[in-house]
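Chain by chain, the residues:
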Amino acid sequence: MTTERQLVGRDGECSAIDHLLADAARLRSGSLLLEGEAGAGKTALLDYAAASAGGLRVLRAEGVEPESDLPFAGLHQLLRPVLDRLDVLPDVQSAALRGALAMGPVGTGPQPAERLLVGVGVLSLLAEAAADHGLLCLVDDVQWLDRESADALLFVARRLEAEAVGMLFAVRSEGSPWEAPMLPRIRLEGLRQAEAAVLLHRTGADLAPGVLDRVIELTDGNPLALLELPGSLSAAQRSGAEPLPAHLPVGERIRRAYLARVSTLPEASQLLLLMAAAEPNGDLGLLARAARQLAVGVTALDAAERAGMVTVDHGAVRFRHPLLRSAIYTAAPYAQRHAVHTALADALIDAEPDRWAWHRAAVANQPDPKLADELERSADRARARGGHAAAAAALERAAELTPDDSHRARRLVAAASAVWEAGQADRAERLLARAETLQPPARVRAEINYLRGAIELHTRRPARAVPMLRSAADLVAADDPGRSLRMLLSAMTAMGVSGDFSRVGELAQLAARLPADHPDAVMADLIVGLQRLLSGDRAGATVSLRSFMDYAKRFRDPLELGLGGLAALLQDDDAAAAEFHERAVAVARQTGALGALPWALESCALIEVRSGQLSRAEADATESLRLTELLGHGRGWMGALAVLAAVASYRGHEEQCRVFAEQAIAAAEQHGLFIPWILAVASMAELDLCLGRTEQALDRQQQLADAWTSQPIVRILATPVRIEAQVRSGRPVDPAEAALFEAWARYSPSRAIAALAARCRAMLADGDEAATHYEEALTLHKAAGRPLDRARTQLLYGEFLRRQRRRTKARSQLRAAMETFDRLGAPVWAERARTELRAIGETVGGRPADAFELLTPQELQIVRLVSGGMSNRQVAAQLFLSPRTVEYHLAKVYPKVNISSRGELIRSYLVAAGVATGSSTDSGRAVASTP
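We now turn to the structure provided with this report. (Residues numbered from 1 in each chain as written. Predicted model: local features only at pLDDT ≥ 70, side-chain atom pairs only at ≥ 80, totals over all residues. Heavy atoms only, no water.)

Secondary structure summary: the protein contains 49 helices and 7 strands in total. Rg of the C-alpha trace for the protein: 33 Å, near the compact-globule value of 30 Å for 931 residues, within the 12% margin. Viewed in the frame of its principal axes, the protein has a C-alpha envelope of about 110 × 65 × 50 Å. Looking at the 931 residues of the protein, the share that counts as buried comes to 56%. Excluding contacts between residues fewer than 6 apart, the proportion of contacts in the protein whose partners are at least 24 apart in sequence is 68%. Element-wise, carbon and sulfur atoms account for 52% of the exposed surface of the protein, whose accessible area totals about 37200 Å². Between the centroid of the 106 positive side chains of the protein and the centroid of its 115 negative side chains there is a distance of 3 Å. (Helix = DSSP H or I, 4+ residues; strand = E, 2+ residues; numbered from the N terminus. Rg over C-alpha atoms; globule rule 2.2 N^0.38 Å. Buried < 20%, exposed > 50% of the residue type's maximum accessible area, 1.4 Å probe, protein only. Contact = heavy atoms within 4.5 Å. Areas by Shrake-Rupley, 256 points an atom, 1.4 Å probe, with all protein chains shown as cover. Lys, Arg positive; Asp, Glu negative; His and termini not counted. Charge placed at Lys NZ, Arg CZ, Asp CG, Glu CD.)

Glancing now at helix 43 (residues 807-824). With 18 residues, helix 43 extends 25 Å between its outermost C-alpha atoms, agreeing within 8% with the 26 Å of an ideal straight helix rising 1.5 Å per residue. Turning to helix 43, its buried residues are Ala810, Gln813, Leu814, Ala817, Met818, Thr820, Phe821, Asp822 and Leu824. Just beyond helix 43, the residue with positive phi is Gly825, at close to 80 degrees. (Expected span 1.5 Å × (residues − 1).)

This part takes up the packing of helix 18 (residues 353-363) against helix 19 (residues 369-384). For the pair helix 18 and helix 19, interaxial distance at closest approach is 9 Å and the crossing angle is 135 degrees. Viewed along their axes, helix 18 and helix 19 adopt a mutual orientation that is oblique. Relative to helix 19, helix 18 is oriented so that their crossing is left-handed. Here Pro353, Asp354, Trp356, Ala357, Trp358, Arg360 and Ala361 of helix 18 lie close against helix 19, whose contacting residues are Leu371, Glu374, Leu375, Ser378 and Arg381. (Axes fitted to C-alpha atoms, helices over the stretch in contact; angles between N-to-C directions. Parallel < 35°, antiparallel > 145°, perpendicular 65-115°, else oblique. Left-handed = near helix turned anticlockwise from the far one by under 90°.)

Here the focus is the environment of Ile349. You can see Ile349 is positioned in the loop between helix 17 (334-348) and helix 18. According to the relative accessible area criterion, Ile349 is partly exposed, its value standing at 44%. Between the alpha carbons of Ile349 and Met275 there is a distance of 17 Å; along the sequence they are 74 residues apart.

It is worth spelling out the packing of aromatic side chains at this point. Summed over all chains, the structure comprises 6 aromatic pairs. Judged by centre distance (6.5 Å) and plane angle (25 degrees), the rings of Tyr797 and Phe800 are stacked. Residue Tyr797 and its partner Phe800 are both found in helix 42 (residues 787-803); the two are separated by 3 residues, about one turn of the helix. Neither residue differs from the other here; Tyr797 and Phe800 are each classed as buried. Clustering of aromatic rings is evident, with ring pairs tying together Phe548, Tyr551 and Phe555. One Lys or Arg, Arg337, reaches over the ring of Tyr329 and ends 5.9 Å from the middle of that ring. Against the face of Tyr450 rests Arg483, its NZ or CZ located 4.6 Å from the ring centre. (Phe/Tyr/Trp six-rings, centres within 6.5 Å; stacked < 30°, edge-to-face > 60°. Lys NZ or Arg CZ within 6 Å of the ring centre and 35° of its normal.)

Before going further, it helps to examine the side chain of Asn449. Inspection of the secondary structure assignment puts Asn449 in helix 23 (residues 442-459). Since its relative accessible area comes to 17%, Asn449 is described here as buried. The contact partners of Asn449, leaving out residues within four places of it in the chain, are Met468, Ser471, Ala472 and Leu475.

In this fold, Arg651 is placed in helix 33 (residues 638-651). For Arg651, a relative accessible area of 13% gives the class buried. Measuring from C-alpha to C-alpha, the distance between Arg651 and Arg383 comes to 46 Å, with 268 residues separating the pair along the chain.

One finds Leu75, Leu79, Leu97, Leu126 and Met167 to be the most contacted residues of the largest nonpolar core, which totals 100 residues. Every residue in contact with Leu75, bar those within four places of it in the chain, is listed here: Leu97, Leu101, Val118, Val122, Ser149, Ala152 and Leu153. (Core = buried A, V, L, I, M, F, W, Y, C linked by side-chain atoms within 4.5 Å.)

The N-to-C vectors of helix 45 (residues 857-867) and helix 46 (residues 872-879) enclose an angle of 130 degrees; their axes lie 10 Å apart at closest approach. As summarised for this structure, helix 45 and helix 46 are arranged oblique, according to the angle between their axes. Relative to helix 46, the crossing made by helix 45 is right-handed. Only Val875, Gln878 and Leu879 of helix 46 make contact with helix 45, whose side of the interface consists of Gln861, Ile862, Leu865 and Val866.

By secondary structure assignment, the location of His359 is in helix 18. Placed 17 residues apart in sequence, His359 and Thr342 show a C-alpha to C-alpha distance of 6.8 Å. There is a polar contact of 2.9 Å between the side chain of His359 and the side chain of Glu279. (Polar contact = N/O pair within 3.5 Å; in protein donor to acceptor, adjacent residues only side chain to side chain.)

Here helix 19 is 16 residues long and its end C-alpha atoms lie 23 Å apart, about the 22 Å a rise of 1.5 Å per residue gives. The complete set of buried residues in helix 19 reads Leu371, Ala372, Glu374, Leu375, Glu376, Ser378, Ala379 and Ala382. Check the buried side of helix 19 and you find it contacts helix 18, helix 20 (388-400) and helix 21 (405-421). Gly386, located one to two residues past helix 19, shows a positive phi value of around 85 degrees.

Backbone hydrogen bonds are what pair the strands of a sheet, in a parallel or an antiparallel way. Ordered by their spatial adjacency, 5 strands build an open sheet running 2-3-4-1-5, and the pairing between neighbours is parallel. Sheet topology places strand 2 (57-62) and strand 5 (185-187) at the edges, where each strand pairs with a single neighbour. Neighbour-to-neighbour, the strand axes of the sheet open up by a mean angle of 15 degrees, direction not taken into account. When strand 1 (residues 30-36) meets strand 5, the two strands line up parallel, connected through 3 bridges. Looking at strand 5, one finds that Glu35 is bridged to Arg187. Those strands touched by helix 2 (residues 11-25) are strand 1, strand 3 (135-140), strand 4 (165-172) and strand 5, and its axis lies near 150 degrees from that of strand 4. (Pairing = 2+ DSSP bridges.)

The phi torsion at Asp141 lies on the positive side, around 50 degrees, for a residue other than glycine. Inspection of the secondary structure assignment puts Asp141 in the loop between strand 3 and helix 7 (147-159). Classification of Asp141 by relative accessible area gives buried; the value is 5%. Positioned with a positive phi, Gln439 is a non-glycine residue whose angle comes to about 55 degrees. Locating Gln439 in the fold gives a position in the loop between helix 22 (425-436) and helix 23. Taking the relative accessible area as the measure of exposure, Gln439 reaches 68% and is therefore exposed.

Let us look at the pairing of strand 7 (residues 316-319). Strand residues, when the strand is regular, have side chains that alternate between the two faces of the sheet. In strand 7, alternate side chains face the same way, and those of Val317 and Phe319 are buried while those of Ala316 and Arg318 on the opposite face are not. Where strand 6 (residues 310-313) folds back onto strand 7 in an antiparallel hairpin, the turn is made up of 2 residues, including His314, whose phi is positive at roughly 50 degrees.

Another aspect to go through is the pattern of salt bridges. With the rule as written, the count across this model stands at 70 salt bridges. Measuring nitrogen to oxygen at the nearest pair gives 2.7 Å for the salt bridge that ties Arg610 to Asp574. Residue Arg610 is found in helix 31 (residues 597-610), and its partner Asp574 is found in helix 30 (residues 574-591); the two are separated by 36 residues along the sequence. For Arg610, a relative accessible area of 30% gives the class partly exposed. For the salt bridge of Glu775 with Lys809, the shortest nitrogen-to-oxygen distance reads 3.0 Å. One end of the pair, Glu775, is in helix 41 (residues 767-784); the other, Lys809, is in helix 43, with 34 residues separating them in the sequence. In this structure, a network of salt bridges that share partners links the residues Glu686, Glu724, Arg728, Arg792, Glu799 and Arg832. (Salt bridge = Lys/Arg side-chain N within 4 Å of Asp/Glu carboxyl O.)

Relative to strand 7, strand 6 runs antiparallel, the two being bridged by 4 bridges. Residue pairing in the sheet places Asp313 in a bridge with Ala316 of strand 7.

Moving on to the state of the cysteines. Summed over the entire model, instances satisfying the criterion amount to 0 disulfides. Here Cys137 stays free of any disulfide, with the sulfur of Cys14 as its closest cysteine sulfur at 19 Å. Owing to a relative accessible area of 0%, Cys137 belongs among the buried residues under this scheme. (Disulfide = S-S within 2.5 Å.)

Right under this line is the structure:
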């Protein structure tokens, strides 16, 4: 059939495809998803796109149902023509992609590359392939792609910007598990009556007028059904002398039409068609070897080719339509399917063990320990390539073929672990439930509890994870103390994010059981240190936490580096915490640990807010949000939203603060999360205080205290803001609250907390006593390194001095506060300082403009990395963009900051960041992140 005939009634769809092609030709990127029932014309529209591509290079792939459990099979099919460009990719991306496609080593670093690093490699490879004339990627039957290929291609489609790549996907609407909510889509409906009549006329179908109308009615205007159904009608039915078939679903109607035509072929041709349907690669050489074992010659395909059912070209067999392949395979009796799978397996036994195992497993109907072992080995190979979904499928099938309950349970749990790594929590839970019914041994029960705890910790309610993880640790403590300790650390993490530390003593006791001579024994110090800190043993906590921090300096895993950062934060050591978390970001970028990167960026952003680096915090939190969305992580974005609320609060952006905070609060309440909720509510309280709404600020403070009655530390840490609001509003301050914060400051190792305690004493005192406390606070602030806190104290001190008519000294404090607020990008607080200065007769102008504040967060990230000495290709590798997209953003940066060269950009940014005067280390992070 010609493309023209198949595109009747699809003018709007063709126009959308034309726009996609035009954008790619103009060096812009885009994607489009075609969705419709079987036979709606999706493949025809892909053919139209290929024929209309002009000078664009075209890559094409299609999902094949029997291949859906072979990792990265679809990706290999799409990329095969451009794999010669792999060498120009960044090393970590090239290694990940080679490993995924079984072309070389599985990756670099201490662990296999994460599955979505493969997506980054695909993006870079497509950008390279598009560099000359643009590129069009056509992917049909996405619902049958293997999960790994589908995830990688969706990742790429979401990241496209300026690579000159167009991506056109086609997916069957009924029963498809593929979700792509961010992609623009077109839903293909049936043709209208007049259009359907035109299509039938073009086919040359000789139908009586009444029969033509009835055919259109029966097919609901489905184009493929309109093309196929007339050929399956008898002459009497076409003339109207006999009735047409009763109503059937469109897919079933087409299937029957196809099978009727297949049945007219010789038996040998039908057998070879079944073999081709069972072998997704369509490898003609393989089919020939397998056919010989069934005493059939490959020339039997000639009849099917003459009938227009398949094409044989370049050594591959391709079906006319995916529905034909499916119809042939599903209609075949078991005996025939067993015969062809066995023949195909025998032809593959020495060359491709994974495909051999799958062909054998496809028709195995009783326990087979040897085949189960081979499937498990296949799963190991798939997992090493990042094919977690394929590994899960192999392990689940291996479990079904395993006669022993203990081994079956172990394989089901391994399948659940692979499924969890593939991001399918609900399916993992179902596999764990099946394993649990088999009465597994203690080690397997421990893994069941651990996985359930991990799912709760990362996607649901962390508080429910604590007993699961604690139980898992207890079950393996005797046999594998190191594994037990890591499970306890996960339980501690769950306690931290849920805000419930009631069981920390219990965890500390379990951790202390680890033999002193064990290589990981010192890792118990983190849990013990937290327990000592909460029990009031400040000196003991410092010893334990410092011991753990010294040990953590050798870590190379981003999540473990984060534990080092946690130990530093528990001591309010912002510098050490920043160093740990920035190393975590750098390692995650270098090794492609994309799952850990959003969390590491979020942790950096939290510390940057505390240290007054608002632009950096916004850039890191925005990137964390963007990556979390791309990776599909359940609730990983709440902390980033809370950080953005805090940044908006300091900047006085009321609407932004409210939107970010409300989103963070709603999600945190749903999952029972501690820190994002507190930070979001506290940010709105700070904003109210900044804007002079002291009563609203106090209401927010009360909201904090009421929501976390079990955690008095929340109310304690909010004391400085609450006292400031009470003093400004004229409300009395509860002496007990002030005393409690004083006690906490004496107990805390933090100079920052001690400075805030001195500020509180100053606000509650008068005359020289107040001045003495303010001076003490400023001295402590200088050592603490939190400039926003220092500027807040300077503002309060300046206001106090103005009221005392000590104008010269007030002017000094207020101007210092104003300059700090201006430099850090807190304009509303800066304006309050200006107002005070004007009240004492000081002439002050507006804040000088900072051109770099005009940049978007992504533009700022690019500028930071460029200023650290990176090339565009290195920046692209760090931010998981293409070099062309980096060039595109830099081209927008130059006019915004009024510069014209890369060198000028670097110099201007370093001066703006304070590097030239030694007051900042902003470029250090960029250099540290360089692979």
